[in-house]
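# Reading the structure
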Amino acid sequence: EYGLEKNMTRAVELYERAAELGVKDAHYNLGVLYDQGKEVAKDMDKAFRHYETAAMYGHVDARHNLGCEEYYAGNYELALQHFLVSAKLGDDHSLAMVKKKNSWAVSQPRLTMLQLFAGIRTPSKKCRVPTGTKPKHVLDNRSKQCNNET
């Protein structure tokens, strides 16, 4: 697009260097690359490690993806925890997952839906991205869409 040849080996190398410096988006993007396995060999251990690190740094989409991974693995309670954290941080996909999945009550019979949603609020104005702007990421896509599950 900009007259440069695509070099994924170099891109992964630069992402790795940025990740070593603690750049949460680098960890997330590496997680997406290893999760999807399109440009690099699929490696779910590396993907999970990078998602975890990005989530610890506060990356909301990484937290959502961890919830999806745990959900697919059958770890519903841990998945619910990830979805609740990312929903509290404003992720609509995670909020939809919590609302949609009626199986949460099976794994947590004493929790009512009211208790599940306690504390989920719209982020304060200080936390909101100004209207009409969108953060720029090299990989601007969500790798996991687990809302098609029943």
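Quick look at the structure, then. Computed from a predicted structure; not experimentally measured.

## Some thoughts on the packing of aromatic side chains
- Applying the stated criterion to the full structure yields three aromatic pairs.
- Between the aromatic rings of tyrosine 28 and tyrosine 51, the centroid separation amounts to 6.1 Å while the plane-to-plane angle is 40 degrees, which identifies the pairing as tilted. Note that tyrosine 28 is positioned in helix α2 (residues 24-36) and tyrosine 51 in helix α3 (residues 44-56), a separation of 23 residues in sequence.
- Given the relative accessible area of 3%, tyrosine 28 is considered buried.
- What makes tyrosine 51 buried here is its relative accessible area of 0%.

## Quick look at the environment of histidine 82
- Inspection of the secondary structure assignment puts histidine 82 in helix α5 (residues 76-88).
- Between the C-alpha atoms of histidine 82 and leucine 66, which are 16 residues apart in sequence, the distance is 6.6 Å.
- Not counting the four nearest positions on each side in its chain, histidine 82 is found in contact with Arg63, Leu66, Gly67 and Glu70.

## Thoughts on helix α1 (residues 8-20)
- Between the first and last C-alpha of α1 there are 18 Å, a value that for 13 residues agrees with the 18 Å anticipated at 1.5 Å per step.
- Buried residues of α1: Met8, Val12, Tyr15, Ala18 and Ala19, and no others. Looking straight down α1, one finds that the buried residues subtend no more than 125 degrees of arc, so they occupy a single side. Along α1, exposed side chains directed more than 90 degrees from the buried face belong to Thr9 and Glu20.
- In the core, the buried residues of α1 are packed alongside α2.
- Two to three positions downstream of the cap, the backbone nitrogen of threonine 9 sits 3.3 Å from a side-chain oxygen, assigning the N-cap of α1 to asparagine 7.
- Immediately beyond the C-terminal end of α1, within one or two residues, lies glycine 22, with a positive phi of roughly 90 degrees.

## Observations concerning the environment of leucine 80
- On the secondary structure map, leucine 80 appears in helix α5.
- Taking the C-alpha atoms as reference points, leucine 80 and cysteine 68, separated by 12 residues in sequence, lie 9.3 Å from one another.

## Side note on the pattern of salt bridges
- Tallying each qualifying case throughout the model produces three salt bridges.
- Glutamate 13 is paired through a salt bridge with arginine 10; the nearest N and O atoms lie 2.5 Å apart. Taken together, the residues span about one helical turn, with glutamate 13 and arginine 10 both in helix α1 at a distance of three residues.
- For glutamate 13, a relative accessible area of 38% puts it in the partly exposed group.

## Some words on the nonpolar core
- Val12, Tyr28, Leu30, Leu33, Tyr34, Tyr51 and Ala62 are the most contacted members of the largest nonpolar core, which totals 18 residues.
- Looking at this core, the elements that each hand over two or more residues are α1, α2, α3 and α4 (60-72).
- With six residues, α2 is the largest single contributor of residues to this core.
- Not counting residues within four places of it along the chain, the set of residues in contact with leucine 30 comprises Val12, Tyr15, Glu16, Ala19 and His50.

## Details of the side chain of asparagine 65
- Its location among the elements puts asparagine 65 in helix α4.
- Overall, the relative accessible area of 0% leaves asparagine 65 in the buried class.
- Only 3.3 Å separates the side chain of asparagine 65 from the side chain of tyrosine 51, close enough to count as a polar contact.

What counts and how
Residues numbered from 1 in each chain as written. Predicted model: local features only at pLDDT ≥ 70, side-chain atom pairs only at ≥ 80, totals over all residues. Heavy atoms only, no water. Phe/Tyr/Trp six-rings, centres within 6.5 Å; stacked < 30°, edge-to-face > 60°. Helix = DSSP H or I, 4+ residues; strand = E, 2+ residues; numbered from the N terminus. Buried < 20%, exposed > 50% of the residue type's maximum accessible area, 1.4 Å probe, protein only. Contact = heavy atoms within 4.5 Å. Expected span 1.5 Å × (residues − 1). Arc of directions from axis to C-beta. Polar contact = N/O pair within 3.5 Å; in protein donor to acceptor, adjacent residues only side chain to side chain. Salt bridge = Lys/Arg side-chain N within 4 Å of Asp/Glu carboxyl O. Core = buried A, V, L, I, M, F, W, Y, C linked by side-chain atoms within 4.5 Å.

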